[in-house]
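Observations on the three-dimensional arrangement
Okay, here's what each chain looks like letter by letter:
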Amino acid sequence: MAISRRRLLSLFLLCAFSSLPAQAAARGGSHPSGTGGNYGSFLRNLLQDNPMVTEELIHGYMSNSELEIAVHAIGSRCPNISRIYSIGKSVNGVTLWVIEISDKPGQKEAEPAFKYVGNVHGDEPVGREVLIKLANWLCDNYLKDPLATLIVENMHLHILPTMNPDGFALRRRGNANNVDLNRDFPDQFFPINDEINYRQPETRAIMNWVKQEHFTASASLHGGALVANYPWDGSRDQRYPIYGGMQDWNYIHGGCFELTLEVSDVKWPKSAELPVIWEHNRMSMLNLAASLVKTGVHGRIFAADTGHPIPGSLTIKGIDSEIRASRTYGDYHRMLAPGENYEVMASMEGFRTKATRIVVDEKAVSLDFILDRDGANGQVIRNDLDYPCDHDKLFHVQGARLELYLFVLLIIIALYVLFKRKTTSKFTTHRHSPKRPIAV
């Protein structure tokens, strides 16, 4: 991201003299082994993480095993609109289960995808409880409630109830290695977080998940305040800047606009309060997911010469963010504030960029792009990404065609040589044959 020299200098001074002690206090001090460890690990581990979570508070919350049963129960009860799958395991080997809600679960479609992530911090368990309630509500109300039906039939909703099951079991913020997972992602302002040797398995699972799925937007659920936070986390404009957060990484590397939502003013409220918290947040959670199809700009990008979809890039003038269309269908989905007019540009290497202006009202705008290939003297520039297949397969197909052409050419040459030999043979026989006698 481009920043001014003054801001860069300020950021350097801030990191060098003032922020690091505060970050160390927030992220931790020693290596989990107690040996001091590496500086990258130093900033991700928590110094003190001993919240006062009593047995009384835990009562009424699902354990990790009970949560797993609840997740699979949803899959069994609503198999036509749900799919249960895993994105990995925690440090202690607990499976990170995801519930996908859609009328075509597990299938690729030209539809937006939204994800909810709960329990990023182990001592903030409200998210895991309300997300199970959300999945059950959609299961119960599909074809009965218009909002539930809209979500199920027009998008793919992915729900990860707990990102940090080990921290929940230990009743603390960090994971089993005592690392704050929301400080463990690569960061544009804090390059030391690029050290992959200390990346936690839960963090890697999220990163791989975002790379595999084509998420348009997402939200993570936290507790301890009533706040909605959006990129950038590293900005001083935030109520408190953090580095290594999941939110910014999603936006930069996944093209996924993520909100950090703190949905309860107490980190670990009594379980009796959970139904009230769910009701207070139900419509907001549903409307947030449904906003993907209700507003913004949606469309597909095609190659003019072949008509095939291509995974081009989409940018909005004045917004420093780029999203990629999907490989399979070339579809893109961009959330935009209504009541504004925007210049939308579609581009891809080897193609000419196209731009147009749109006005986003209360309803979503549908906008397709057809890009012309860019080449001198009408030359067609080959681009392997035109087809939703592997490069190796494409090479084999082209190789097979080349071999066929060579085989046909050899046959033609062989026939030509044979023909020439026969012709030459006849000519020679006729020239040297003896004269026949002539009757007088």
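Quick caveat, the model's predicted, so the values are computed rather than measured. (Residues numbered from 1 in each chain as written. Predicted model: local features only at pLDDT ≥ 70, side-chain atom pairs only at ≥ 80, totals over all residues. Heavy atoms only, no water.)

Comments concerning the sheet that holds strand β13 (residues 354-360)
For clarity, the cut-off: Between any two strands, pairing holds if DSSP finds at least two bridges. Helix numbers and strand numbers start at the N terminus; a helix is a DSSP run of H or I with at least 4 residues, a strand a run of E with at least 2. Note on method: axes are straight lines fitted to C-alpha atoms, helices fitted across the in-contact stretch only, with angles between N-to-C directions ranging 0 to 180 degrees.
The sheet built from four strands is open, its strands ordered β10-β9-β12-β13 with antiparallel pairing. Of all strands in the sheet, those bounded by a partner on one side alone are β10 (322-324) and β13. The sheet shows a mean angle of 30 degrees between the axes of neighbouring strands, direction not considered. Bridge count for strand β9 (residues 313-316) against β10 is three bridges, and the pairing is antiparallel. Its bridge partner lying in β10, S313 is registered against R324.

What to know about a nonpolar patch on the surface
Put simply, the rule reads: Only residues whose relative accessible area exceeds 30% and that take part in no salt bridge are eligible for patches, with like-charged residues grouped when within 9 Å of each other and nonpolar side chains (Val, Leu, Ile, Met, Phe, Trp, Tyr) grouped when within 5 Å. Here the accessible surface of atoms and residues is derived via Shrake-Rupley with a 1.4 Å probe, and residues count as covered only by protein chains that are part of the display. The salt bridge criterion pairs a side-chain nitrogen of Lys or Arg with a carboxyl oxygen of Asp or Glu, the two atoms within 4 Å.
A cluster of nonpolar side chains, contributed by L409, L410 and I413, occupies part of the molecular surface with about 290 Å² of accessible area. Position of L410 among the secondary structure elements: in helix α11 (residues 391-432).

Some points on the nonpolar core
What counts is decided by this rule: Each nonpolar core is a collection of buried residues, namely Ala, Val, Leu, Ile, Met, Phe, Trp, Tyr and Cys, held together in the definition by side-chain atoms within 4.5 Å. Residue burial is assigned from relative accessible area. The probe radius is 1.4 Å, only protein chains are included, and a residue is buried under 20% of its type maximum, exposed over 50%, and partly exposed in between. Working rule for contacts: check all heavy atoms of both residues, and any pair within 4.5 Å makes them a contact.
Within the largest apolar cluster, 49 residues are counted, with the highest numbers of intra-cluster contacts made by F114, Y116, L134, L138 and L157. Ignoring anything within four residues of it in the chain, the contact list for Y116 reads L131, L134, L157, H158, I159, L160, A219, L221, M285, L288 and A289. I316, F351, L367 and L371 belong to the second largest nonpolar core, which has 21 residues in total.

Digging into the side chain of H222
The topology assignment puts H222 in strand β5 (residues 217-222). Apart from residues lying up to four places away in sequence, H222 is in contact with V120, H121, E124, N182, T260, L261, E262, V263 and S264.

A few points about the sheet that holds strand β1 (residues 82-89)
Taken in spatial order, the seven strands make up an open sheet running β1-β2-β4-β3-β5-β7-β6, and their pairing is mixed. For this open sheet the edge positions go to β1 and β6 (225-229), each flanked by a neighbour on one side alone. Within the sheet, the average angular offset between the axes of one strand and its neighbour, ignoring direction, is 20 degrees. As paired elements, β5 and strand β7 (residues 257-264) share six bridges and run parallel to each other. Along β7, the bridge assignment pairs S220 with T260. Across the sheet, helix α9 (residues 246-254) touches β3 (113-118), β5, β6 and β7, and the angle it forms with β7 is around 160 degrees.

Thoughts on the pattern of salt bridges
The full count for this structure, using the stated rule, is 16 salt bridges. Between E109 and K104 there is a salt bridge, with its nearest N and O atoms 3.8 Å apart. Note that E343 is salt-bridged to K317, the shortest N-O span being 3.8 Å. Residue E343 is found in strand β12 (residues 340-347), and its partner K317 is found in the loop between β9 and β10; the two are separated by 26 residues along the sequence. Overall, the relative accessible area of 58% leaves K317 in the exposed class. What emerges from the salt-bridge pattern is a single network uniting E124, R173, D180, R183 and K267.

Digging into the environment of G122
Of note, G122 is situated in the loop between β3 and α5 (126-141). Judged by relative accessible area, which is 0%, G122 ranks as buried. Taking the C-alpha atoms as reference points, G122 and K267, separated by 145 residues in sequence, lie 9.8 Å from one another. With residues up to four places along the chain from it excluded, the contact list for G122 reads N164, G167, F168, R172, R173 and W268.

Description of the confidence of the model for the protein chain
Heads up, the condition is: Scored from 0 to 100, pLDDT records how confident the predictor is in each individual residue.
Looking at the protein chain as a whole, the pLDDT averages 79, with 74% of positions reaching at least 70. Between residues 1-43, whose pLDDT stays under 50, and residues either more than four places distant or in other chains, the model counts 63 contacts. This model gives residues 376-402 a pLDDT under 50, and the stretch forms 28 contacts once residues within four places in sequence are excluded.

Describing the side chain of S291
To keep it simple, the criterion reads: Definition of a polar contact: a pair of N or O atoms within 3.5 Å, with one able to donate and the other able to accept a hydrogen when the atoms are protein atoms, and with sequence-neighbouring residues admitted only if both atoms are side-chain atoms.
In this fold, S291 is placed in helix α10 (residues 274-294). Overall, S291 belongs to the buried group, its relative accessible area being 16%. Within the structure, the side chain of S291 is placed 2.5 Å from the backbone oxygen of L288, a separation counted as a polar contact.

What to know about α5
Here is the rule we go by: How far a helix is expected to stretch is found by multiplying one less than its residue total by 1.5 Å.
For α5, which comprises 16 residues, the first-to-last C-alpha distance of 22 Å matches the rise-based estimate of 22 Å (1.5 Å per residue) to within 8%. Burial analysis of α5 places 13 of its 16 residues in the buried class, which makes it a mostly covered element. Immediately downstream of α5, the backbone of L143 shows phi near 70 degrees, a positive value.

Regarding the state of the cysteines
We apply this condition: When two cysteine sulfur atoms are found within 2.5 Å, that pair is recorded as a disulfide.
Evaluation of the coordinates by the stated rule reveals one disulfide. Sulfur-sulfur distance for the disulfide between C78 and C139 comes to 1.3 Å. Here the disulfide of C78 and C139 is right-handed, its torsion about the S-S bond being about 50 degrees. Of this pair, C78 sits in the loop between α4 (64-77) and β1 while C139 sits in helix α5, and the two are 61 residues apart along the sequence. Here the two residues C78 and C139 agree in accessibility, since each one is buried.

Side note on the packing of α5 against helix α6 (residues 146-154)
Where we set the bar: Angles below 35 degrees are treated as roughly parallel, those above 145 as roughly antiparallel, those between 65 and 115 as roughly perpendicular, and all remaining angles as oblique. Gly is placed with the polar residues, together with every amino acid not listed as nonpolar (Ala, Val, Leu, Ile, Met, Phe, Trp, Tyr, Cys and Pro) or charged (Asp, Glu, Lys and Arg).
At a minimum axis distance of 9 Å, the contact between α5 and α6 shows a crossing angle of 100 degrees. In terms of axis orientation, α5 runs roughly perpendicular to α6. Here α5 contributes W137, L138 and N141 to the contact with α6, which in turn contributes A148, T149 and I151. Classifying every residue of the contact of α5 with α6 by side-chain character gives four nonpolar, two polar and no charged.

Some thoughts on the packing of α4 against α5
Our working definition: Left-handed describes a crossing whose near helix is turned anticlockwise from the far helix by less than a right angle; the clockwise case is right-handed.
Two elements in contact, α4 and α5, have axes separated by 10 Å at closest approach and are oriented at 15 degrees. Of the possible angle classes, the one that applies to α4 and α5 is roughly parallel. As for how α4 packs across α5, the hand of that crossing is left-handed. Of α5, the residues touching α4 (which contributes N64, L67, A70, V71, I74 and R77) are R128, I132, A135, N136, C139 and D140. Of the residues contributing to the contact of α4 with α5, the split by class is seven nonpolar, two polar and three charged.

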